[in-house]
Each structure stands twice: as C-alpha cells, then as structure tokens.
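Examining the three-dimensional arrangement
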Amino acid sequence: MDKIRVKNAVAVLLFIWIVFFVIDSAFAHRVNVYAWVDGDKIYLESKFAGGRPVKSGKVVVTDPRGVELLSGVTDDEGEFSFKIPERTDLKIVLIAGQGHQAEWTIRAAEMEDLPSGKASDAGAAKAGPSEQKNVVSKTSAANGTAAPDTVMSPKELEAVIESVLDRKLKPITRMLADMQQEGPSVRDIFAGIGYIFGLVGVVAYIQSRKKKI
Amino acid sequence: MHISEGVLSAPVLLSGAALAAVGTGIGLKKLDYEQIAKAGMLSAAFFVASLVHVPIGPSNVHLILNGLVGLLLGWGAFPAILVALVLQAVFFQFGGITTLGVNTVVMALPATLCYIIFGRFVQKNSRTAVIAAFACGFLSVLLSGLFVALSLIFTDENFLEVSGIIVAAHVPVMIIEGIVTAICVAFLRKVKPEMLLGKLD
C-alpha cells in the first residue's frame, strides 16, 4: 500500500513540476547589487536573481561607521550612479522593498586611480612609492633596448598603465559581476530536492524503528 | 516573500524563530509515519516553487505554494516549509539563515490557518472542493503578504503602505496559486483521494 502511495506521490510531483516549467522557468527573488568605480563616479547595477532590474529601488550609501552619505533611487534599468562623496570605504545598500535588500562595499583602495589627478590624498600616497619603483624597473627591463628618449615620470607612467588596465579589465569585472548574479543552477535545484528526499528517508527510518519497538 | 538578512531587528527575528520552533514542534508531532513521504514531496515542491517566476505585475514575484502545502499537511506545513527554506537559503541565497524563523512563520502559519479553515471542504463534492482549494491557495498568499508587512512594521516602513504594495504585487500570484491548488486538488481527488484528508484533528 505504501508503495502505491509513493508511486502516486512521484506522479504528483512530476505533474507539479511540469506545470511549473511550462509557466516559466526563470528565477526570482534574490537581489543582487554590484558597484564599480569609474573616474570620480561610482556606478551601481542591480538585479533580481534571474536578471530583471530592480526598478526604483532605494540606494543608501554609508561610510564604515554607518553614517549616511547620500541616497537615491535606481532607474528603470536598475542602475544608479553618484559622485564619490568621501574617500573612505563605502557601504552601498540597495533596498528593493518588501524585505529585500542587498549590499556592496567599495573599498577606498578602489578609488585611488582617479585619472583627473585628484588622487593625491593619503591613501594614494601611501600605496605609491613602492609600486612606482616596481613599475619602473619592470618596464625598463622589458624594453631595455628601446625608448631611452621617452621622458616620462614614474607617476605619469603609472597613470597611463592604470588607465589602460582599467579599460582592459572593465569587461572582465563586468563578467565577474554577471557570474555572481547568476540565478540558481539546475545542480542547486536537484541538490536541494535530493536533501529533502534524504531527510524523508532518515525520518522514515527513525519512525519505522520506533514502530517496531 | 523571502525577507533578506539585515532587514529586521533582533526582537522580530527572535519572536519569529520562537513561533517557528513551536509550529515545527507541533507539526513534527502530528506528522505520522504515513505522512512522511507526502511531507517530503510537498517540501520539495515548495522548494522548487520559489524558482517559478511570475512575469505579470510591476514587481518580481514567484509562486509560493504554501496553500497547497498547508491543505495537504496541516500543521506538518511548518517542518516541510522550514526544511525547504533552509535549503533555499543555502543554495539560492533566498532569505537567509537569521531570518529563517520569520520566513517560516510568514509562509507556514497562513498555510496552517488555511488548512484549518478549508481542510474539511476538500472531501465534499467536487465543486465545493475545487472552490475551497482555490480559496485556500489565494488566501494563504494574501495572509503571507500581510505577515511580511507585519514583520516589517518595526522597521521604518509604513504598515499600510507596505502591505498595500505587497498585496497588490501578489494579486497575480494569488490567482495563479489558487488555480494551481485547485488543479492539484482536483487531480488528487481522482488519483489519490486519501492523500487529501490531511489529518483531521
């Protein structure tokens, strides 16, 4: 009799499954936020798991102590941008409403490379000297034969390299962000169902032992 | 419907957890050997249901299916939904571990309430049963929405406004859930009527 029960149970599950996947198999309801520095602005992109943008989600930017620096609302693409308000670590919280929220932290270190040359604050200065030496020695080793006449201060050189790197790395940063925003995979889904069935087995086993005793 | 981590204050989280623990305790006590397979299956269905995105409406909503779980399990909905929520939090990052208690109550309590209201009708003639099942699916989502709003009341959001938004956003889901629950009940009545009994206490 139990066998029939289980058989029917499986049939119902399959039925429900089919109903679902005919309706829509997109994923919903985790909020993702991603922010990056470009020049002196910070850009923010937000999505629900599955890729729908968070429209008019509230964005709150705070410093590490939790003091609110600025706030705003995402547009129809789920994007938002603002000028860097202060050179500290910034905590960006996206409140999508109805109890959904996500956050992203931008480190002060990510802001060091302002191309406009405003980067003369403490953070940049601290990181500066050692890296500069490195850059110079490596470059001179690499093209030792050529370019004795390009007069470029280490500082300028660093700026150029950084701007090129920025440009080249941007797609990769975006790609990484997209990867992070992917919805649950089929593997996750089956893993979850597997856990549930496993639990059923454990509970059934315990109960059956109780029954015998 | 999943409330994320960091939204609610500690007292709300703790009272949610306490309520969830009580509900789960009662549920486990009432869940006898015969019902384990059913509970697991519905837990799995609930687990998957949240991935079904309903594309209608201004907000981002998904199926919940707590009405169906409640209708078939009664108090057993608590452990079934708790297990599914743990796995959703771990695998999908829906909700979160700290909000587990609140989320369980938000979804399992309406399920149980709907079972208490509508559970007795599903064995009646088929028309009544289908209508009751629809109402059950519909109402449980509605109640869940109100519970979410209620748990957000202690944060800075305004109750009436929030509940209005949540309920409005979930109207399509309520209708779809009602239909899905009705279809499932109609199907089960034909194939496996004893499954529908739940345990009448």
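Everything in this summary refers to the structure shown in the same document.

**Observations concerning the overall build of chain B**
- What chain B contains, in helices and strands, is seven helices and two strands.
- Residues classed as buried in chain B amount to 62% of the 201 residues present.

**Details of the interface of chain B and chain A**
- If you look at the interface, chain B gives 41 residues, while chain A gives 43 residues.
- Put simply, the parts of the chain that give the side of chain B that touches chain A at least two residues each are helix H2 (36-49), strand S2 (61-62), helix H4 (77-92), helix H6 (126-152) and helix H7 (159-191) of chain B.
- Per-element accounting of the side of chain B that touches chain A gives the leading share, eleven residues, to H2(B).
- Tallied by class, residues from the side of chain B that touches chain A come to 29 nonpolar, ten polar and two charged.

**Considerations on unusual backbone geometry**
- Phi is positive for Ser56(A), which is not a glycine, with a value near 40 degrees.
- Summarising the element assignment, Ser56(A) is placed in the loop between strand S2 (41-48) and strand S3 (58-62).
- For Leu65(B), which is not glycine, the phi torsion reads 70 degrees and is therefore positive.
- Assignment of secondary structure puts Leu65(B) in the loop between S2 and helix H3 (66-73).

**Looking at the sheet that holds strand S1 (residues 31-38) of chain A**
Residue and element names in this part refer to chain A.
- In spatial order, the strands read S1-S2-S5; together these three strands make up an open sheet with antiparallel pairing. Looking at the sheet topology across the chains shown, the edges are occupied by S1 and strand S5 (79-83). Between one strand axis and the next, the sheet turns by 20 degrees as a mean value, whatever way the strands run.
- Bridging between S1 and S2 involves eight bridges; their strand directions are antiparallel. By the bridge assignment for S2, Ala35 is matched with Leu44.

**Points about the pairing of S2(A)**
All names here are of chain A.
- Of all the eight residues making up S2, six are buried; the element is thus mostly covered by neighbouring parts of the structure.
- Linkage of S1 to S2, two consecutive antiparallel strands, is achieved through a turn of two residues, within which Gly39 is found at a positive phi near 65 degrees.
- Sheet topology places S2 next to S5; five bridges connect them, and they run antiparallel. If you follow Lys41 over to S5, its bridge partner there is Lys83.

**Section: the nonpolar core**
- One finds Phe46(B), Val69(B), Ala80(B), Ile81(B) and Ala133(B) to be the most contacted residues of the largest nonpolar core, which totals 81 residues.
- At the level of elements, helix H4 (186-212) of chain A together with helix H1 (10-30), H2, H3, H4, helix H5 (100-118), H6 and H7 of chain B are the ones that each hand at least two residues to this core.
- Tallying contributions element by element places H6(B) first for this core, with 15 residues.
- Excluding anything up to four places from it in sequence, Ala133(B) contacts Leu71(B), Val122(B), Thr181(B), Ala182(B) and Val185(B).
- Listed in part, the 20 residues of the second largest apolar core include Val31(A), Val54(A), Leu90(A) and Met111(A).

**Digging into the environment of Val200(A)**
- Looking at where Val200(A) falls in the secondary structure, it is placed in helix H4.
- Once you skip the residues sitting within four places of it in the chain, Val200(A) turns out to touch Ile36(B), Ala37(B) and Gly40(B).

**A few points about the sheet that holds strand S7 (residues 100-106) of chain A**
Residues and elements named next belong to chain A.
- The sheet built from four strands is open, its strands ordered S4-S3-S6-S7 with antiparallel pairing. Where the open sheet ends on each side, the last strands, each with one partner, are strand S4 (68-73) and S7. Neighbouring strand axes in the sheet, compared pairwise and without regard to direction, differ in orientation by 20 degrees on average.
- For strand S6 (residues 90-97) and S7, the ladder comprises seven bridges, and the chain directions are antiparallel.

**Here we look at H4(B)**
All names here are of chain B.
- The terminal C-alpha atoms of H4, which comprises 16 residues, lie 21 Å apart, in line with the 22 Å expected from a rise of 1.5 Å per residue.
- Along H4, twelve of the 16 residues are buried, which leaves the element largely enclosed by surrounding structure.
- Taken together, the buried positions of H4 are occupied by Ala77, Phe78, Pro79, Ala80, Ile81, Leu82, Val83, Ala84, Leu85, Leu87, Gln88 and Phe92.
- Downstream of H4 by one or two residues, Gln93 has phi in the positive range, about 55 degrees.

Conventions adopted
- Residues numbered from 1 in each chain as written.
- Chains lettered and ligands numbered in written order.
- Predicted model: local features only at pLDDT ≥ 70, side-chain atom pairs only at ≥ 80, totals over all residues.
- Helix = DSSP H or I, 4+ residues; strand = E, 2+ residues; numbered from the N terminus.
- Buried ≥ 20, exposed ≤ 12 C-beta atoms within 10 Å, placed from the backbone.
- Contact = placed C-beta atoms within 7 Å.
- Nonpolar A, V, L, I, M, F, W, Y, C, P; charged D, E, K, R; others polar.
- Pairing = 2+ DSSP bridges.
- Axes fitted to C-alpha atoms, helices over the stretch in contact; angles between N-to-C directions.
- Core = buried A, V, L, I, M, F, W, Y, C linked by C-beta atoms within 7 Å.
- Expected span 1.5 Å × (residues − 1).

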